[in-house]
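Next come the chains, spelled out residue by residue.
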Amino acid sequence: MKFTTTRRGLLRGTLGTALATTAGCRRELESELGSAPAVEPPHGGPQVSITTTVNGVARTAQVGVDTSASELLRDTLKLTGTKVSCGHGACGACTVQLDGVPVTTCILPATSLHGKAVTTVEALGQGGLHPVQRAFMAEDALQCGFCTPGFVVEAAAFHDKWRAEQGARAPTRDEIAAALAGHLCRCGAYENIYAAVAGACAGKFDKSPETGPRVDARAKVTGEARYTVDVQLPNQLVGKLLRSPHAHAQVKRLDWSKAVAAPGVHGVVELLGAQRTLRYVGQELVALAAVDEEAAARGLSLIEVEYEVKPAIIGLDAGLDPKALPVYPTRNTRKALPNANEAPLLPVRWSGNLRGPFQFLSKKRGAAERAVKRRREAPADGVALAATYETQVQCHTCLEPHACVADWRDDGLTVHLSTQAVHTMSEDIAQRWKLKHEAVQVLAPYVGGGFGSKATLTTETIAAVELSRLTKRPVMVALERREELAVGGNRPAQRTEIALASSASGELEGMTVRSYTDAGVAVGSAPSMLFRIMYADAPKHIEDWDVLTHAPPGKPLRAPGGPPAFWALEQTIDELAHHRGEDPIAVRRRFDPNPARAKLYAWASALPVWRGRRPPAQDKGRFRRGVGVAAAGWPYFVQPSTRVQLEVTAGGLVASTAAQDMGNGTRSVIAQAVADVFGVSPSSITVQLGDSRYVPGPMSGGSRTSASVYPAAYHAAIELREELVDFARGRFGIAGAVAAPGGLHHGGRTIPWADVFKAAPRLSTVGKRKRDKGGYFLPPIKDLAVGKYVSGGVHVTELEVDTRLGRIRVLGSWIGIGVGKIYVPKLARSQAIGGVTQAIGYALYEERRLDPRFGALLTGGLEDYRIPGIADIGEFEVYFMEDGFENVRSGGVGLGELVKLAPAAAIGNAVFNATGWRPRQLPIRPDRVLAGVKG
C-alpha cells in the first residue's frame, strides 16, 4: 500500500501523514481524521522576492510561497536564537518583534516580513543588555533556556510599552500573565519570570550588573546558546522517519526503490527488526535523508508498504482482559524490551499481557494482609480503608525535541545530540557501531529539557548515524511536535489498589498495595520501592504488574513511578486521618520515622495557611477554597565514576566534565564548588560541559547530578589550590603563604588568585566523587550507587474550586525540602518550583489520549495536550531544611525528583478539604469535578 506524506500535514507531523489502513478501516479513519492531503510543491517552486530589515540591517531574500518566517530567520539568516518548538504557534518560542509587535514566526509566512522591521533576541543584547535580559539573569527566570528567547522578546516589548505609558511602576501578576499568555515553559520557570518582568518594569534592572546565579544565563537570554536543533553543518541533510499508522500489524512488503530514486533523496535505511512486527502507532519503519524537508516528504510519500493489520490492545482495561492476545507472545519476542524505568530490569513471571508481580523489600507481607483483613472484619477496634486510584499517561514533551546531527567521517564519528548522558551515549554509540571509543565524540553544550526521555540511545540517533554512514554527509533527525508527543516519551498510566489498617490507638498496622502499570510496549515501571520507603516501620505487602498494550513505550519521567504512587498513598493517609478526626500532619508524624521529614512536619504545621484551614466542605458558594498536605521521600543516587577536571589558565580557572546541563544548573553547581574552595565569585569560573572527550561525568537523572559533581569539583579544587600554594611560595618567595578566601595570605596582605593564575604554569587536577562515609545502601550497579539515606519533602497546597465550571485554580504552594546542604540556593529554589509546576500540570491538565480502537494519537499538539501556562501556578514559598545528611559526601543530595512526588496528592487532598469530594482519577478535569461535587 502506498502512502502520501506532506510537509504541512496534520500539525506538520509525519505521524499524521500515514493514516491509511486496510480497506475495512481506512474509511472510518478518513471520516474521523481526514485523508492525507496531496504532496505540496517544494520550495523550488514559486518564489517571491521580499525586502525587510532584520536587526537594523536591510535584507533582500527569495522565499517560497510557503516558507515560514522562522525558516528564513533560522536557516537563511542563521539567527538561531529564534527557536521552533511546537510548529503551530502555541508555545511562543519562535517570537520576534515585527515593527515592535511580538509575533510567532513558525506559522507566519516569510512574505509577511516584506517592508517591515524584524527584531530578534540577538538584537536586544547589542550595546548592553536590555533590562528584561538583566532581570531574567538576576532572578533566574530560566532553566534549560530553550523557551527563554521567546519570553525575553515578548517581555521586552511589554516592558517598553509599559514604561512609556506607566513609568517605573510594577505591573501586577495578572497583567504580566496576560502579556505572556502565549508562552510555555516546560521547566516551569514562571514564578521567577513574574519577578523578573515586574522588577524590570519597575526600573530595578535599568543599570544592574549583567550577572546572575546561573553561570550560563547570559548565553540563554541573548540567544547565543546553541542547541542540537541549531546545528547547521556544511552539506547537512534532513532526515525524516516513516512511521506505522497501525497499533498492531505485520509488514508484508516494504519497497523504497521509488523513494531513493526521487530528486533530492540521498539515502534510505530500514529500521524494522527481523520480526517485522509493528506494535504501536508511530513505530519507525524507515529513515530517509534528503536535501531539505520537501524532498524528504516527497521521498517518504513514494515508499510502498503492505501491512497485515491485527487486533490491537489499547488501554489498561484491554491489557488486563484475560482473553486478549499477548503483545509479546513468545519468550524470544520478550528479549531487549524497552525499559520504562531507570533501574535494570529484573526477571519476573509472565502471564499473557501481565508481567509480575514484582515485589521489592516488602516487609512482613503476611502480617500486613492479616491486619487489613482483621480491621475490615472488626472496624470498631480500628480502621481499615481501601480505595483504587488511577493516573493518566503524561508526556515529557520537552520544548527542544529529540534531535541528533550525525557526521560520520573516515577519521571518526561526531554526534551532536540532545541528551542527558553525554559520556554514556559516547560509550553506547561506540559499542553499537563497533568503533573505538576515542573515535566517537558526542556534543551537547545545551539541552532544551529532557526530564528522563533523553537518557538512552533512541531512534533519532540510530537513524541519523545510519544515514550519515550511508550518505557520507552530516544528517539531522529532529522530531516534530506530534512525534514528540507520540513517541518522545511518557510517564505510564497506573491503577493502584491500596488498603491501610490502623489500630484503635492510631498505629499503622499494615498496608497492602497492588499496582498495574500501562507503559505500552515497555516494562519495568515498578513503584514498589517508593511505597516501601514511606512509613517504613509498618508491615507491608506490595506488588506491582506491568500490563502490556499496543501503545508507545513509556520512559522514565522525573521521579519515575513516584507521582502515581504518592497520589494513592498520600490521599489514603489523608482519608484515614479524617476518618479518625485527626490532623493529617499529626497522623503522618506519628506514622513516619524519617528524620528528614520530622522537622518539615513541624514547619508545615506552623504555616498560617495550614493553621487557618477550615474543616472539609465548609464553603457553600460557587468558589470553594481548600488546603491539602502530602509528604514524600526519595532515595538519592550518585555516579561513582564522576570526575571533574580543573585547570589553571592565564584567564582563570576552567572546570570541565563530560556531563550536560538541561536546566538543572550543573554548570553553576560546579562553579560554586570551585568558588567555595578559592573564595572567589562563581561567575569567575569557566565551566565546560557537553563534550564526551572531557573526563567522565554523570548523566542528568535520578537526582544524581549535583550529588556527584559538587564533591568531585570540590576535591579537584582542593588539590589544585594546594599545588598553587606550593608554586606561589617558590615563585614569590613567600614560604609562609597560606590559602585564604580570594587569594594567598602572607604578612598581612593578600595576593589575589587572579595574579597567581597569571603567573602559574598550566596546572590541572582531576577530582573524583569519593564514597560516602559508611558506603552506600547497595554496591554500585552499572555505575549507579544508591545512598543510605532518604530525602524528605512535605507539600502544602491552597486552591479554589469553581463548582459551576469545574475548574481548579491553585492559589499557593508551600514546599518543604530536606536534602541536606543546598549548593546554589537560588537555583535549588528554581528546581523546586519547576518540579511543582510540572506536578500541577500532571494533577490538573496533562493527559495523552489515544483512539481506543486504532491507537492513533488524539492529543497531537500543545493546544490538545495542555501543559501549565504562567497563569496556572499560584504563588510559592520554598523552605530548605539543610541538616541530616552529614555522612553524605559534601553534605547534600539531589531534589529534582523529590519535589515532583507530593503535589498531586496535596491538590487532591485540598479538593477534598474544599468540597468534601475526594478525586481518585488524574487529571482532575472539570467534568470529573462537576460529577464528583454534585454526587
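Before reading on, note that the structure itself is shown above.
Just so it is clear, the structure is predicted and the values come from calculations on it, not from any experiment.

Explain the pattern of salt bridges here, please?
Close approach of charged atoms allows side chains of opposite charge to pair. Taken as a whole and judged by the stated rule, the model has 54 salt bridges. One salt bridge in this structure joins E800 and R625, with 3.9 Å as the shortest N-O distance. One end of the pair, E800, is in strand β32 (residues 785-802); the other, R625, is in strand β24 (residues 623-638), with 175 residues separating them in the sequence. Accessibility expressed as a relative area gives 44% for R625, which makes it partly exposed. With a shortest N-O distance of 2.9 Å, D927 and R925 are connected by a salt bridge.

How do you make sense of helix α17 (residues 562-580) when you look at a structure like this?
Quick reminder: α-helices carry 3.6 residues per turn. Residues three or four places apart thus point the same way. Over its 19 residues, α17 extends 27 Å from the first C-alpha to the last, a length consistent with the 27 Å expected when each residue adds 1.5 Å. Burial analysis of α17 places 15 of its 19 residues in the buried class, which makes it a mostly covered element. Residue G581 follows α17 closely and has a positive phi angle near 70°.

It is not clear to me how the nonpolar core should be interpreted in this structure. Could you clarify?
As a rule of thumb, soluble globular proteins bury nonpolar side chains together. Core analysis: the largest hydrophobic core is formed by 173 residues, its most contacted members being F136, I193, I817 and I924. In terms of residue count, the dominant contributor to this core is β24 (nine residues). Excluding anything up to four places from it in sequence, I193 contacts F136, A141, F151, L180 and I870. Ranked by size, the runner-up nonpolar core spans 39 residues in total, among them V648, A659, A713 and F727.

Just checking my understanding: could you explain the packing of aromatic side chains for this structure?
Working definition: an aromatic ring pair is given by the centre-to-centre distance plus the angle between the planes. Enumeration over the complete set of coordinates arrives at 16 aromatic pairs. Between the aromatic rings of F678 and F757, the centroid separation amounts to 6.1 Å while the plane-to-plane angle is 70°, which identifies the pairing as edge-to-face. Of this pair, F678 sits in helix α21 (residues 666-678) while F757 sits in helix α23 (residues 753-759); the two residues are 79 residues apart in sequence, bridging distant segments of the chain. The exposure classification of F678 matches that of F757, with both residues buried. Ring geometry for Y789 versus F885: centroids 6.5 Å apart, planes at 75°, classification edge-to-face. You can see Y789 sitting in strand β32 and its partner F885 sitting in the loop between β34 (875-880) and α25 (898-901), a full 96 residues away along the chain. The class of Y789 is partly exposed, set by a relative accessible area of 25%.

Honestly, the sheet that holds strand β9 (residues 277-278) in this entry has me stumped. Any pointers?
Backbone-to-backbone hydrogen bonds join strands into a sheet, with any given pair of strands oriented parallel or antiparallel. An order of β9-β7-β11 is seen for the three strands of this open sheet, with the pairing classed as antiparallel. Of all the strands in the sheet, just β9 and β11 (304-309) have a single pairing partner and so form its edges. Across two bridges, the pairing between strand β7 (residues 249-255) and β9 is antiparallel. Paired with A249 across the strands is L278, a residue of β9.

So, how was this worked out
Residues numbered from 1 in each chain as written. Predicted model: local features only at pLDDT ≥ 70, side-chain atom pairs only at ≥ 80, totals over all residues. Heavy atoms only, no water. Salt bridge = Lys/Arg side-chain N within 4 Å of Asp/Glu carboxyl O. Helix = DSSP H or I, 4+ residues; strand = E, 2+ residues; numbered from the N terminus. Buried < 20%, exposed > 50% of the residue type's maximum accessible area, 1.4 Å probe, protein only. Expected span 1.5 Å × (residues − 1). Core = buried A, V, L, I, M, F, W, Y, C linked by side-chain atoms within 4.5 Å. Contact = heavy atoms within 4.5 Å. Phe/Tyr/Trp six-rings, centres within 6.5 Å; stacked < 30°, edge-to-face > 60°. Pairing = 2+ DSSP bridges.

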